[in-house]
Amino acid sequence: MRHSKMLSLLCQVVSLAAILVLVPAQHTGECDVSATEKELHIFNCSGKNIFQVGEIPEQAEVIDYSDNYISTIPPIEESEKCDHEKCLTDIDQSDYCRLDISFSRNEISFIEGSPFSKLRCLRSLDLSYNRLTEEAITKELFFKDAGYFQLKRLILRGNPIKKLVEDTFSFPFMKYIEEIDLSECSIMNIAANSVDDLRSLKVLDLSKNKLTQLHPATFKGLHNLITLNLRHNQLAQITGHVFVDLVNLNALLLSQNKITSFDGNALVNTSKLVQIDISNNELTSIPYTAIDNLLLLETLDLSNNPITDVSQGSRVSSVKTLILDSLPLTELGDHALASFPHLVTLSISGNVRLKKIHPFVFGNHPSSLREVAMENNAINTLSRDILPWKQLKSLRLSGNPFYCDDALEWMIKATAIQGDTICQEPINLRGQDIKNLKPEELSRVYPTEAVEALILVCVCTPLIFVCAILIWKRRRHCACLSVKVRGRYVSVYTRDVNDEGEQRVTIELKANFKKLSAVSNGEPDDSKPFIKIDNGKPDEEEEI
(Lines give C-alpha, C1' and ligand atoms only; values in the text may rest on other atoms or scores of the structure.)
Protein backbone atom coordinates (compact mmCIF):
# COMPACT_ATOMS: atom_id res chain seq x y z
CA MET A 1 0.00 0.00 0.00
CA ARG A 2 2.80 2.37 0.92
CA HIS A 3 4.56 1.74 -2.38
CA SER A 4 1.30 2.28 -4.20
CA LYS A 5 0.82 5.71 -2.61
CA MET A 6 4.39 6.70 -3.41
CA LEU A 7 3.94 5.62 -7.00
CA SER A 8 0.69 7.60 -7.28
CA LEU A 9 2.39 10.69 -5.82
CA LEU A 10 5.28 10.33 -8.25
CA CYS A 11 2.88 10.15 -11.19
CA GLN A 12 1.15 13.33 -10.04
CA VAL A 13 4.48 15.15 -9.79
CA VAL A 14 5.48 14.01 -13.27
CA SER A 15 2.10 15.06 -14.69
CA LEU A 16 2.38 18.49 -13.09
CA ALA A 17 5.89 18.91 -14.45
CA ALA A 18 4.68 17.98 -17.94
CA ILE A 19 1.88 20.54 -17.75
CA LEU A 20 4.32 23.24 -16.67
CA VAL A 21 6.57 22.40 -19.60
CA LEU A 22 3.87 22.14 -22.25
CA VAL A 23 1.72 25.11 -21.18
CA PRO A 24 3.70 28.34 -21.51
CA ALA A 25 3.62 30.86 -18.73
CA GLN A 26 2.27 34.31 -19.42
CA HIS A 27 5.66 35.87 -18.61
CA THR A 28 8.96 34.06 -18.58
CA GLY A 29 11.03 37.21 -18.46
CA GLU A 30 10.83 40.98 -18.29
CA CYS A 31 10.82 43.09 -21.44
CA ASP A 32 13.82 45.37 -21.65
CA VAL A 33 14.80 48.56 -23.35
CA SER A 34 18.13 48.91 -25.10
CA ALA A 35 19.73 51.24 -27.61
CA THR A 36 21.18 50.32 -31.02
CA GLU A 37 24.25 51.76 -32.73
CA LYS A 38 21.97 54.30 -34.40
CA GLU A 39 20.74 55.26 -30.92
CA LEU A 40 17.28 53.83 -31.47
CA HIS A 41 15.56 52.69 -28.29
CA ILE A 42 14.29 49.09 -28.63
CA PHE A 43 11.55 47.72 -26.40
CA ASN A 44 12.25 43.98 -26.71
CA CYS A 45 9.42 41.63 -25.69
CA SER A 46 10.16 38.87 -28.21
CA GLY A 47 10.00 35.24 -27.14
CA LYS A 48 8.56 36.00 -23.69
CA ASN A 49 5.47 33.74 -24.05
CA ILE A 50 3.27 36.82 -23.69
CA PHE A 51 -0.48 36.61 -24.34
CA GLN A 52 -1.25 40.32 -24.33
CA VAL A 53 0.43 43.64 -24.92
CA GLY A 54 1.50 45.48 -21.79
CA GLU A 55 2.52 49.04 -21.16
CA ILE A 56 5.00 50.38 -23.68
CA PRO A 57 7.78 52.70 -22.41
CA GLU A 58 7.63 56.31 -23.48
CA GLN A 59 11.06 56.29 -25.14
CA ALA A 60 10.51 53.10 -27.17
CA GLU A 61 11.07 53.70 -30.89
CA VAL A 62 11.31 50.04 -31.93
CA ILE A 63 8.65 47.74 -30.41
CA ASP A 64 9.23 43.99 -30.76
CA TYR A 65 6.49 41.60 -29.62
CA SER A 66 7.47 38.78 -32.02
CA ASP A 67 7.29 35.07 -31.19
CA ASN A 68 4.56 35.21 -28.55
CA TYR A 69 0.91 34.16 -28.16
CA ILE A 70 -0.78 37.51 -28.76
CA SER A 71 -4.13 37.33 -30.58
CA THR A 72 -5.36 40.93 -30.16
CA ILE A 73 -3.46 44.17 -30.63
CA PRO A 74 -4.71 47.06 -28.48
CA PRO A 75 -4.41 50.68 -29.65
CA ILE A 76 -0.79 51.76 -29.46
CA GLU A 77 -0.28 55.34 -28.36
CA GLU A 78 2.32 57.63 -29.77
CA SER A 79 4.91 58.93 -27.35
CA GLU A 80 4.20 62.38 -25.99
CA LYS A 81 7.79 63.29 -26.73
CA CYS A 82 7.40 62.52 -30.43
CA ASP A 83 7.82 65.56 -32.67
CA HIS A 84 5.44 64.89 -35.55
CA GLU A 85 6.70 67.83 -37.56
CA LYS A 86 10.26 66.51 -37.44
CA CYS A 87 8.99 63.03 -38.26
CA LEU A 88 7.34 64.22 -41.45
CA THR A 89 10.42 66.09 -42.63
CA ASP A 90 13.27 63.88 -41.38
CA ILE A 91 12.32 60.45 -40.12
CA ASP A 92 15.88 59.64 -39.00
CA GLN A 93 15.73 62.50 -36.49
CA SER A 94 12.32 61.66 -35.05
CA ASP A 95 13.31 60.97 -31.43
CA TYR A 96 10.84 58.99 -29.28
CA CYS A 97 8.46 58.35 -32.16
CA ARG A 98 7.16 54.81 -32.80
CA LEU A 99 9.13 53.86 -35.90
CA ASP A 100 9.22 50.05 -36.18
CA ILE A 101 6.69 47.57 -34.76
CA SER A 102 6.80 43.77 -34.99
CA PHE A 103 4.08 41.29 -34.03
CA SER A 104 5.60 38.48 -36.10
CA ARG A 105 4.83 34.86 -35.17
CA ASN A 106 1.80 35.38 -32.96
CA GLU A 107 -1.84 34.23 -33.09
CA ILE A 108 -3.42 37.30 -34.72
CA SER A 109 -6.46 36.58 -36.92
CA PHE A 110 -8.04 40.04 -37.07
CA ILE A 111 -6.88 43.57 -36.44
CA GLU A 112 -9.76 45.55 -35.03
CA GLY A 113 -10.13 48.96 -33.52
CA SER A 114 -7.45 50.59 -35.68
CA PRO A 115 -4.59 49.95 -33.22
CA PHE A 116 -2.09 51.93 -35.32
CA SER A 117 -4.26 54.88 -36.28
CA LYS A 118 -2.42 57.35 -34.01
CA LEU A 119 1.08 56.45 -35.26
CA ARG A 120 1.82 59.02 -37.91
CA CYS A 121 5.57 58.30 -37.91
CA LEU A 122 5.43 54.50 -38.20
CA ARG A 123 7.74 53.37 -41.02
CA SER A 124 7.83 49.54 -40.68
CA LEU A 125 5.11 47.08 -39.58
CA ASP A 126 5.82 43.34 -39.37
CA LEU A 127 2.76 41.06 -39.05
CA SER A 128 4.36 37.98 -40.62
CA TYR A 129 3.42 34.41 -39.72
CA ASN A 130 0.07 35.10 -38.10
CA ARG A 131 -3.42 33.97 -39.11
CA LEU A 132 -4.53 36.91 -41.22
CA THR A 133 -6.78 36.02 -44.14
CA GLU A 134 -7.95 37.93 -47.22
CA GLU A 135 -10.95 39.27 -45.25
CA ALA A 136 -8.68 40.48 -42.47
CA ILE A 137 -6.67 42.79 -44.69
CA THR A 138 -9.57 44.58 -46.34
CA LYS A 139 -10.03 48.29 -46.00
CA GLU A 140 -12.80 47.96 -43.40
CA LEU A 141 -10.97 45.73 -40.94
CA PHE A 142 -7.28 46.26 -41.39
CA PHE A 143 -6.46 49.94 -41.60
CA LYS A 144 -9.77 51.63 -40.96
CA ASP A 145 -9.31 55.31 -40.11
CA ALA A 146 -5.53 54.91 -40.35
CA GLY A 147 -3.84 58.18 -39.60
CA TYR A 148 -0.19 57.48 -40.32
CA PHE A 149 1.41 58.51 -43.58
CA GLN A 150 5.03 57.45 -43.20
CA LEU A 151 4.68 53.66 -43.46
CA LYS A 152 7.34 52.44 -45.89
CA ARG A 153 7.45 48.71 -45.23
CA LEU A 154 4.59 46.25 -44.63
CA ILE A 155 5.44 42.57 -44.01
CA LEU A 156 2.59 40.06 -44.27
CA ARG A 157 4.69 37.00 -45.05
CA GLY A 158 3.37 33.60 -43.98
CA ASN A 159 -0.30 34.53 -43.51
CA PRO A 160 -3.08 32.41 -45.15
CA ILE A 161 -4.31 35.26 -47.37
CA LYS A 162 -4.88 33.01 -50.46
CA LYS A 163 -6.02 35.78 -52.83
CA LEU A 164 -5.89 39.50 -53.44
CA VAL A 165 -9.20 41.01 -54.47
CA GLU A 166 -9.72 44.29 -56.30
CA ASP A 167 -8.63 47.38 -54.35
CA THR A 168 -7.07 45.30 -51.56
CA PHE A 169 -4.57 48.00 -50.73
CA SER A 170 -6.57 51.14 -51.46
CA PHE A 171 -5.71 52.93 -48.21
CA PRO A 172 -4.84 56.62 -47.97
CA PHE A 173 -1.35 56.02 -46.61
CA MET A 174 -0.54 53.43 -49.28
CA LYS A 175 0.62 56.09 -51.68
CA TYR A 176 3.77 56.35 -49.56
CA ILE A 177 4.53 52.67 -49.00
CA GLU A 178 7.67 51.37 -50.72
CA GLU A 179 7.86 47.67 -49.84
CA ILE A 180 5.24 44.93 -49.35
CA ASP A 181 6.13 41.34 -48.51
CA LEU A 182 3.34 38.89 -49.44
CA SER A 183 5.51 35.78 -49.70
CA GLU A 184 4.35 32.40 -48.37
CA CYS A 185 0.72 33.54 -48.26
CA SER A 186 -0.76 30.68 -50.36
CA ILE A 187 -1.94 33.28 -52.91
CA MET A 188 -3.49 31.61 -55.97
CA ASN A 189 -4.99 34.65 -57.66
CA ILE A 190 -4.26 38.36 -57.91
CA ALA A 191 -7.15 40.38 -59.26
CA ALA A 192 -6.72 43.33 -61.58
CA ASN A 193 -6.31 46.66 -59.78
CA SER A 194 -5.55 44.96 -56.45
CA VAL A 195 -2.28 46.82 -55.99
CA ASP A 196 -2.61 49.72 -58.40
CA ASP A 197 -2.85 52.31 -55.62
CA LEU A 198 0.71 51.56 -54.53
CA ARG A 199 2.15 54.43 -56.54
CA SER A 200 5.41 54.63 -54.56
CA LEU A 201 5.96 50.87 -54.28
CA LYS A 202 9.54 49.84 -55.07
CA VAL A 203 9.70 46.22 -53.85
CA LEU A 204 6.91 43.65 -54.20
CA ASP A 205 7.58 40.14 -52.92
CA LEU A 206 5.10 37.49 -54.10
CA SER A 207 7.46 34.53 -53.81
CA LYS A 208 6.52 31.08 -52.50
CA ASN A 209 2.85 31.34 -53.42
CA LYS A 210 0.62 29.33 -55.77
CA LEU A 211 0.26 31.67 -58.72
CA THR A 212 -0.38 29.91 -62.04
CA GLN A 213 -0.92 32.98 -64.22
CA LEU A 214 -0.68 36.74 -64.16
CA HIS A 215 -3.54 39.02 -65.17
CA PRO A 216 -2.55 41.57 -67.84
CA ALA A 217 -3.49 44.34 -65.40
CA THR A 218 -2.00 42.75 -62.29
CA PHE A 219 0.82 45.27 -62.01
CA LYS A 220 -1.00 48.20 -63.53
CA GLY A 221 0.13 51.56 -62.21
CA LEU A 222 3.31 50.35 -60.45
CA HIS A 223 5.50 52.81 -62.31
CA ASN A 224 8.09 53.05 -59.53
CA LEU A 225 8.51 49.33 -58.87
CA ILE A 226 12.19 48.36 -58.87
CA THR A 227 12.16 44.71 -57.70
CA LEU A 228 9.47 42.12 -58.47
CA ASN A 229 9.95 38.75 -56.80
CA LEU A 230 7.84 35.91 -58.24
CA ARG A 231 10.09 33.02 -57.26
CA HIS A 232 8.69 29.65 -56.19
CA ASN A 233 5.27 29.85 -57.85
CA GLN A 234 3.59 27.73 -60.54
CA LEU A 235 3.72 30.10 -63.49
CA ALA A 236 3.83 28.28 -66.83
CA GLN A 237 3.84 31.22 -69.27
CA ILE A 238 4.90 34.84 -69.27
CA THR A 239 2.48 36.52 -71.64
CA GLY A 240 2.96 39.69 -73.64
CA HIS A 241 2.70 43.16 -72.04
CA VAL A 242 2.17 41.74 -68.53
CA PHE A 243 4.93 44.02 -67.20
CA VAL A 244 4.18 46.94 -69.48
CA ASP A 245 3.66 49.48 -66.64
CA LEU A 246 6.90 48.58 -64.85
CA VAL A 247 8.96 51.25 -66.56
CA ASN A 248 11.49 51.47 -63.71
CA LEU A 249 11.81 47.74 -63.03
CA ASN A 250 15.38 46.82 -62.19
CA ALA A 251 15.20 43.17 -61.07
CA LEU A 252 12.76 40.48 -62.26
CA LEU A 253 13.03 37.25 -60.25
CA LEU A 254 11.20 34.27 -61.79
CA SER A 255 13.17 31.24 -60.63
CA GLN A 256 11.52 28.03 -59.38
CA ASN A 257 8.45 28.19 -61.62
CA LYS A 258 7.26 26.04 -64.54
CA ILE A 259 7.82 28.54 -67.33
CA THR A 260 7.99 26.93 -70.77
CA SER A 261 7.56 30.05 -72.91
CA PHE A 262 8.53 33.68 -72.62
CA ASP A 263 6.57 35.96 -74.93
CA GLY A 264 8.70 38.26 -77.02
CA ASN A 265 6.63 41.27 -75.87
CA ALA A 266 6.61 40.36 -72.19
CA LEU A 267 9.32 42.90 -71.35
CA VAL A 268 8.09 45.80 -73.46
CA ASN A 269 8.76 49.14 -71.68
CA THR A 270 11.03 47.48 -69.09
CA SER A 271 14.12 49.02 -70.63
CA LYS A 272 15.75 49.63 -67.23
CA LEU A 273 15.96 45.95 -66.33
CA VAL A 274 19.39 45.04 -64.99
CA GLN A 275 18.78 41.55 -63.59
CA ILE A 276 16.63 38.63 -64.81
CA ASP A 277 16.59 35.33 -62.97
CA ILE A 278 14.76 32.58 -64.92
CA SER A 279 16.60 29.66 -63.36
CA ASN A 280 14.87 26.38 -62.45
CA ASN A 281 12.14 26.55 -65.08
CA GLU A 282 11.21 24.60 -68.23
CA LEU A 283 12.73 26.78 -70.94
CA THR A 284 14.34 24.92 -73.84
CA SER A 285 16.20 27.88 -75.33
CA ILE A 286 17.49 31.33 -74.45
CA PRO A 287 14.61 33.85 -74.82
CA TYR A 288 16.57 36.17 -77.09
CA THR A 289 13.43 37.79 -78.52
CA ALA A 290 12.34 38.99 -75.08
CA ILE A 291 15.72 40.32 -73.95
CA ASP A 292 17.09 41.72 -77.21
CA ASN A 293 15.90 45.28 -76.48
CA LEU A 294 17.13 45.38 -72.87
CA LEU A 295 20.17 47.57 -73.38
CA LEU A 296 20.94 47.83 -69.64
CA LEU A 297 20.59 44.14 -68.79
CA GLU A 298 23.66 42.98 -66.85
CA THR A 299 22.76 39.67 -65.18
CA LEU A 300 20.98 36.73 -66.82
CA ASP A 301 20.56 33.46 -64.92
CA LEU A 302 19.29 30.50 -66.98
CA SER A 303 20.50 27.71 -64.71
CA ASN A 304 18.69 24.41 -64.38
CA ASN A 305 16.50 24.65 -67.48
CA PRO A 306 16.18 21.84 -70.08
CA ILE A 307 18.27 23.80 -72.60
CA THR A 308 20.12 21.27 -74.76
CA ASP A 309 21.51 23.70 -77.30
CA VAL A 310 22.89 27.22 -76.96
CA SER A 311 23.08 29.11 -80.21
CA GLN A 312 23.96 32.66 -81.19
CA GLY A 313 21.20 35.27 -80.98
CA SER A 314 20.33 37.80 -83.64
CA ARG A 315 21.56 40.82 -81.64
CA VAL A 316 24.39 41.75 -79.35
CA SER A 317 23.45 41.62 -75.67
CA SER A 318 24.72 43.93 -72.93
CA VAL A 319 24.79 41.09 -70.37
CA LYS A 320 27.85 41.16 -68.11
CA THR A 321 27.05 38.16 -65.91
CA LEU A 322 25.77 35.01 -67.59
CA ILE A 323 24.95 31.86 -65.60
CA LEU A 324 24.43 28.59 -67.50
CA ASP A 325 24.73 26.08 -64.67
CA SER A 326 23.12 22.62 -64.46
CA LEU A 327 21.94 22.41 -68.07
CA PRO A 328 21.70 19.17 -70.13
CA LEU A 329 24.24 20.51 -72.64
CA THR A 330 26.66 18.14 -74.35
CA GLU A 331 28.71 20.83 -76.06
CA LEU A 332 29.03 24.54 -76.68
CA GLY A 333 29.73 25.01 -80.35
CA ASP A 334 31.39 27.60 -82.53
CA HIS A 335 30.11 31.16 -81.75
CA ALA A 336 27.47 29.78 -79.33
CA LEU A 337 28.10 32.70 -76.94
CA ALA A 338 29.02 35.28 -79.53
CA SER A 339 25.92 37.33 -78.64
CA PHE A 340 27.49 38.19 -75.27
CA PRO A 341 30.62 40.21 -76.14
CA HIS A 342 30.46 42.32 -72.94
CA LEU A 343 30.71 39.48 -70.44
CA VAL A 344 32.65 40.08 -67.24
CA THR A 345 31.55 36.96 -65.34
CA LEU A 346 30.59 33.61 -66.87
CA SER A 347 29.51 30.46 -65.05
CA ILE A 348 29.17 27.15 -66.92
CA SER A 349 29.23 24.70 -64.02
CA GLY A 350 27.41 21.56 -62.98
CA ASN A 351 26.65 20.53 -66.57
CA VAL A 352 27.37 16.84 -66.10
CA ARG A 353 26.98 16.03 -69.82
CA LEU A 354 29.08 18.88 -71.15
CA LYS A 355 32.18 17.35 -72.74
CA LYS A 356 33.25 19.85 -75.37
CA ILE A 357 33.61 23.61 -75.58
CA HIS A 358 34.63 24.94 -78.97
CA PRO A 359 37.80 27.09 -79.00
CA PHE A 360 35.80 29.90 -80.63
CA VAL A 361 32.67 29.61 -78.53
CA PHE A 362 32.78 33.40 -78.03
CA GLY A 363 33.66 34.21 -81.62
CA ASN A 364 36.09 37.01 -80.89
CA HIS A 365 37.35 37.02 -77.32
CA PRO A 366 35.30 39.30 -75.02
CA SER A 367 37.83 41.90 -73.96
CA SER A 368 35.93 42.49 -70.73
CA LEU A 369 35.90 38.87 -69.44
CA ARG A 370 37.43 38.59 -65.96
CA GLU A 371 35.95 35.61 -64.12
CA VAL A 372 35.03 32.19 -65.55
CA ALA A 373 33.72 29.11 -63.73
CA MET A 374 33.67 25.76 -65.57
CA GLU A 375 33.48 23.44 -62.60
CA ASN A 376 31.93 19.96 -62.31
CA ASN A 377 31.36 19.35 -66.00
CA ALA A 378 32.48 16.37 -68.13
CA ILE A 379 35.24 18.28 -69.94
CA ASN A 380 38.41 16.24 -70.54
CA THR A 381 40.32 18.75 -72.62
CA LEU A 382 40.20 22.50 -73.18
CA SER A 383 41.85 24.66 -75.80
CA ARG A 384 44.09 27.47 -74.63
CA ASP A 385 42.57 29.64 -77.39
CA ILE A 386 39.18 29.71 -75.69
CA LEU A 387 39.87 32.57 -73.26
CA PRO A 388 41.48 36.04 -73.33
CA TRP A 389 44.32 35.36 -70.90
CA LYS A 390 45.72 38.88 -70.62
CA GLN A 391 42.80 40.32 -68.66
CA LEU A 392 41.43 37.08 -67.12
CA LYS A 393 41.62 37.16 -63.32
CA SER A 394 39.96 33.91 -62.28
CA LEU A 395 39.33 30.51 -63.91
CA ARG A 396 37.86 27.64 -61.88
CA LEU A 397 38.02 24.18 -63.48
CA SER A 398 37.77 21.74 -60.59
CA GLY A 399 35.60 18.64 -60.88
CA ASN A 400 36.32 17.91 -64.56
CA PRO A 401 37.79 14.53 -65.70
CA PHE A 402 40.83 15.95 -67.50
CA TYR A 403 42.97 13.85 -69.81
CA CYS A 404 46.37 15.30 -69.01
CA ASP A 405 48.29 15.22 -72.28
CA ASP A 406 50.44 17.84 -73.94
CA ALA A 407 47.30 19.62 -75.21
CA LEU A 408 46.80 20.85 -71.62
CA GLU A 409 50.38 21.99 -71.12
CA TRP A 410 49.16 25.60 -71.02
CA MET A 411 47.44 24.91 -67.68
CA ILE A 412 50.80 24.49 -65.97
CA LYS A 413 51.67 28.15 -66.55
CA ALA A 414 48.16 29.66 -66.38
CA THR A 415 48.21 31.89 -63.29
CA ALA A 416 44.48 32.66 -63.52
CA ILE A 417 43.48 29.09 -62.63
CA GLN A 418 42.12 28.81 -59.10
CA GLY A 419 41.43 25.54 -57.29
CA ASP A 420 42.50 22.10 -58.41
CA THR A 421 42.69 20.64 -61.93
CA ILE A 422 42.94 16.93 -61.21
CA CYS A 423 43.90 14.42 -63.91
CA GLN A 424 41.49 11.55 -64.52
CA GLU A 425 43.50 9.98 -67.35
CA PRO A 426 46.01 8.53 -68.16
CA ILE A 427 46.23 6.06 -65.30
CA ASN A 428 49.82 6.95 -64.40
CA LEU A 429 48.78 10.58 -63.75
CA ARG A 430 45.39 9.94 -62.19
CA GLY A 431 44.74 12.01 -59.06
CA GLN A 432 47.56 14.49 -59.72
CA ASP A 433 47.02 18.20 -60.19
CA ILE A 434 48.14 19.16 -63.66
CA LYS A 435 49.56 22.44 -62.33
CA ASN A 436 52.10 20.41 -60.33
CA LEU A 437 53.34 18.43 -63.34
CA LYS A 438 56.24 19.18 -65.64
CA PRO A 439 55.76 19.63 -69.39
CA GLU A 440 57.96 16.62 -70.18
CA GLU A 441 55.64 14.42 -68.13
CA LEU A 442 52.82 15.32 -70.48
CA SER A 443 54.76 14.97 -73.73
CA ARG A 444 55.06 11.18 -73.32
CA VAL A 445 51.34 10.76 -72.99
CA TYR A 446 49.32 9.84 -76.07
CA PRO A 447 45.62 10.43 -76.38
CA THR A 448 43.46 7.41 -75.74
CA GLU A 449 41.64 7.89 -79.03
CA ALA A 450 44.88 7.70 -81.02
CA VAL A 451 45.98 4.51 -79.27
CA GLU A 452 42.62 2.90 -79.82
CA ALA A 453 42.66 3.88 -83.48
CA LEU A 454 46.18 2.42 -83.95
CA ILE A 455 45.17 -0.88 -82.33
CA LEU A 456 42.08 -1.05 -84.51
CA VAL A 457 44.11 -0.52 -87.67
CA CYS A 458 46.70 -3.15 -86.67
CA VAL A 459 44.03 -5.76 -85.98
CA CYS A 460 41.69 -5.05 -88.84
CA THR A 461 44.17 -4.64 -91.71
CA PRO A 462 45.36 -8.32 -91.81
CA LEU A 463 41.80 -9.53 -91.47
CA ILE A 464 40.67 -7.40 -94.37
CA PHE A 465 43.62 -8.62 -96.49
CA VAL A 466 42.86 -12.32 -95.79
CA CYS A 467 39.18 -11.84 -96.55
CA ALA A 468 40.01 -10.14 -99.83
CA ILE A 469 42.22 -13.06 -100.92
CA LEU A 470 39.56 -15.66 -100.04
CA ILE A 471 36.91 -13.75 -101.93
CA TRP A 472 39.15 -13.46 -104.97
CA LYS A 473 39.91 -17.18 -105.03
CA ARG A 474 36.26 -18.12 -104.75
CA ARG A 475 35.00 -15.50 -107.12
CA ARG A 476 33.65 -18.06 -109.67
CA HIS A 477 31.10 -19.19 -107.10
CA CYS A 478 29.90 -15.69 -106.48
CA ALA A 479 27.32 -14.53 -108.97
CA CYS A 480 28.03 -10.89 -108.21
CA LEU A 481 31.63 -11.33 -109.43
CA SER A 482 30.71 -13.26 -112.59
CA VAL A 483 31.19 -10.69 -115.31
CA LYS A 484 31.07 -11.47 -118.97
CA VAL A 485 34.23 -10.51 -120.79
CA ARG A 486 33.95 -10.46 -124.50
CA GLY A 487 37.18 -11.58 -126.07
CA ARG A 488 38.24 -12.29 -129.59
CA TYR A 489 35.67 -13.85 -131.87
CA VAL A 490 36.42 -16.73 -134.18
CA SER A 491 34.12 -17.22 -137.10
CA VAL A 492 33.69 -20.91 -137.98
CA TYR A 493 31.69 -21.98 -140.97
CA THR A 494 30.31 -25.46 -141.00
CA ARG A 495 28.38 -27.43 -143.53
CA ASP A 496 26.02 -30.24 -142.68
CA VAL A 497 25.78 -33.23 -144.97
CA ASN A 498 22.27 -32.45 -146.06
CA ASP A 499 22.71 -28.70 -146.20
CA GLU A 500 23.82 -26.89 -149.26
CA GLY A 501 24.51 -23.63 -147.51
CA GLU A 502 26.94 -22.57 -144.82
CA GLN A 503 26.23 -21.63 -141.20
CA ARG A 504 28.26 -19.16 -139.14
CA VAL A 505 29.19 -20.06 -135.53
CA THR A 506 30.35 -17.35 -133.07
CA ILE A 507 32.66 -18.35 -130.18
CA GLU A 508 32.34 -16.16 -126.98
CA LEU A 509 35.03 -16.28 -124.28
CA LYS A 510 33.88 -15.97 -120.65
CA ALA A 511 36.42 -15.12 -117.93
CA ASN A 512 35.09 -17.55 -115.33
CA PHE A 513 34.70 -20.59 -117.61
CA LYS A 514 37.28 -23.23 -118.45
CA LYS A 515 35.74 -24.08 -121.82
CA LEU A 516 34.33 -22.52 -124.92
CA SER A 517 30.73 -23.20 -125.78
CA ALA A 518 29.42 -23.55 -129.26
CA VAL A 519 26.62 -21.27 -130.28
CA SER A 520 24.52 -22.54 -133.11
CA ASN A 521 21.87 -20.32 -134.58
CA GLY A 522 21.88 -18.20 -131.39
CA GLU A 523 21.38 -21.17 -129.04
CA PRO A 524 24.26 -22.40 -126.80
CA ASP A 525 25.27 -26.05 -127.08
CA ASP A 526 27.25 -27.17 -123.98
CA SER A 527 26.87 -30.87 -124.60
CA LYS A 528 30.47 -31.18 -125.72
CA PRO A 529 33.37 -28.84 -125.09
CA PHE A 530 35.20 -28.54 -128.31
CA ILE A 531 38.02 -26.38 -126.90
CA LYS A 532 39.59 -26.86 -123.47
CA ILE A 533 40.97 -23.81 -121.69
CA ASP A 534 43.65 -23.69 -118.99
CA ASN A 535 43.97 -20.48 -116.90
CA GLY A 536 41.61 -18.70 -119.24
CA LYS A 537 43.75 -19.37 -122.35
CA PRO A 538 42.92 -21.80 -125.17
CA ASP A 539 45.09 -24.87 -125.46
CA GLU A 540 46.53 -24.53 -128.94
CA GLU A 541 47.96 -28.06 -128.95
CA GLU A 542 44.58 -29.77 -128.80
CA GLU A 543 42.59 -30.00 -131.97
CA ILE A 544 38.99 -29.15 -132.25
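Reference entry: report on the structure contained in this document. Keep in mind that this is a model prediction, so the values were computed, not measured. (Residues numbered from 1 in each chain as written. Predicted model: local features only at pLDDT ≥ 70, side-chain atom pairs only at ≥ 80, totals over all residues. Heavy atoms only, no water.)

Looking at the secondary structure, you find Pro426 in the loop between strand 25 (423–425) and helix 5 (439–443). Taking the C-alpha atoms as reference points, Pro426 and Tyr403, separated by 23 residues in sequence, lie 6.3 Å from one another. (Helix = DSSP H or I, 4+ residues; strand = E, 2+ residues; numbered from the N terminus.)

A few words now on empty space enclosed by the protein. A full pass over the atoms with the stated rule returns one cavity of 30 Å³ or more. Here the largest cavity defines a volume of roughly 30 Å³. Lining the largest cavity, in full, are Tyr288, Ile291, Asp292, Arg315, Val316 and Ser317. Partitioned by chemical class, the residues of the lining of the largest cavity number three nonpolar, one polar and two charged. (1 Å grid on protein atoms, 1.4 Å probe; cavity = no way out; pocket = protein on both sides within 12 Å on 5 of 7 lines; lining within 4 Å. Points joined across faces, edges and corners; volume = space filled by probe spheres on them. Nonpolar A, V, L, I, M, F, W, Y, C, P; charged D, E, K, R; others polar.)

Before going further, it helps to spend a moment on the nonpolar core. The tendency in soluble globular proteins is for nonpolar side chains to be buried as a group. If you look at the biggest cluster of nonpolar residues, it comprises 113 residues, and the most contacted ones within it are Phe103 and Phe243. Elements that contribute at least two residues to this core include exactly helix 3 (288–291) and helix 4 (410–413). The greatest single-element share of this core, amounting to three residues, is contributed by helix 3. In this structure Phe243 touches Leu214, Phe219, Leu228, Leu230, Ile238, Leu252, Ala266, Leu267, Val268 and Thr270, once residues within four positions along its chain are discounted. Among the nonpolar cores identified, the runner-up in size contains seven residues, and Leu40, Cys82, Cys87 and Leu99 belong to it. (Core = buried A, V, L, I, M, F, W, Y, C linked by side-chain atoms within 4.5 Å. Buried < 20%, exposed > 50% of the residue type's maximum accessible area, 1.4 Å probe, protein only. Contact = heavy atoms within 4.5 Å.)

Note that side chains of opposite charge can pair when their charged atoms are close. A complete count under the given rule lists eleven salt bridges for this structure. Between Arg131 and Glu107 there is a salt bridge, with the nearest N and O atoms lying 2.5 Å from each other. Residue Arg131 is located in the loop between strand 5 (124–126) and strand 6 (153–155), and its partner Glu107 is located in the loop between strand 4 (100–102) and strand 5; the two are separated by 24 residues in the primary sequence. Here Glu107 falls in the partly exposed class, since its relative accessible area comes to 27%. The closest approach of N and O atoms between Lys435 and Asp433, which form a salt bridge, is 3.2 Å. With relative accessibility at 25%, the residue Lys435 sits in the partly exposed group. (Salt bridge = Lys/Arg side-chain N within 4 Å of Asp/Glu carboxyl O.)

Residue position: Glu55 is located in the loop between strand 2 (41–44) and strand 3 (62–64). Look at Glu55 and you get exposed, because its relative accessible area is 74%. In this structure the C-alpha to C-alpha distance between Glu55 and Ile76, which are 21 residues apart in sequence, comes to 9.3 Å.

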